[in-house]
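Here is what each chain is made of, one letter per residue.
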Amino acid sequence: APHRALRLEQGYDALLLRVHLIRAARRSVDLQTFIWKNDASGRLLLWELLEAARRGVKVRIIADQLFSETDPATIAFVATAHPNLEVRHYRPAFRRIDPALWRQALAGLLAFRATN
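This is a predicted model, so every value here is computed, not measured.

A. Up close: the pattern of salt bridges. In this structure the tally under the stated criterion is six salt bridges. The closest approach of N and O atoms between aspartate 30 and arginine 60, which form a salt bridge, is 2.6 Å. With aspartate 30 in strand β1 (residues 28–33) and arginine 60 in strand β2 (residues 58–64), this residue pair connects regions lying 30 residues apart in the sequence. For arginine 60, a relative accessible area of 42% translates into the label partly exposed. A salt bridge links glutamate 86 to lysine 58; the nearest nitrogen and oxygen atoms lie 3.6 Å apart. Of this pair, glutamate 86 sits in strand β3 (residues 85–90) while lysine 58 sits in strand β2, placing them 28 residues apart in sequence.

B. Molecular detail of the side chain of threonine 33. Summarising the element assignment, threonine 33 is placed in strand β1. When sequence neighbours within four positions are dropped, the list of residues in contact with threonine 33 reads Ile62, Ala63, Asp64 and Tyr90.

Thresholds, definitions, all that
- Residues numbered from 1 in each chain as written.
- Predicted model: local features only at pLDDT ≥ 70, side-chain atom pairs only at ≥ 80, totals over all residues.
- Heavy atoms only, no water.
- Salt bridge = Lys/Arg side-chain N within 4 Å of Asp/Glu carboxyl O.
- Helix = DSSP H or I, 4+ residues; strand = E, 2+ residues; numbered from the N terminus.
- Buried < 20%, exposed > 50% of the residue type's maximum accessible area, 1.4 Å probe, protein only.
- Contact = heavy atoms within 4.5 Å.

See below:
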C-alpha cells in the first residue's frame, strides 16, 4: 500500500482524525504528545484510548513530563486505568530536581539543545 501524508490545518479536523484512528486500531496505538491537558479534547481522547484498551488494543502514551506533571491526579489515573494502557514520560522533571533559576538559565545558555 502506498504511504500518504495529510496536512490538517484545523485543530478540530485533527481531533476527529485522531478519534477515528483510535477507533479503527486493532492491535496497538502509540501516541506521543508534548502537552496533555485535562480539557474537553484531552478527556475525549482519553476516553477513546481507554475504550481501545478495553477491546484489547495495546495503548502506549509518551508525554513530555514538564507539562504532564501539572495534573498528577489525571496521570495517575491514566497510568492505572487498564493493563493495556501504558504511560511513560520523557525529559527529566525540573520540579522534582528543583534547580535554582540561575542554574536553569545557565543550562539553557550552555547546552540549549539538551535543555530544550
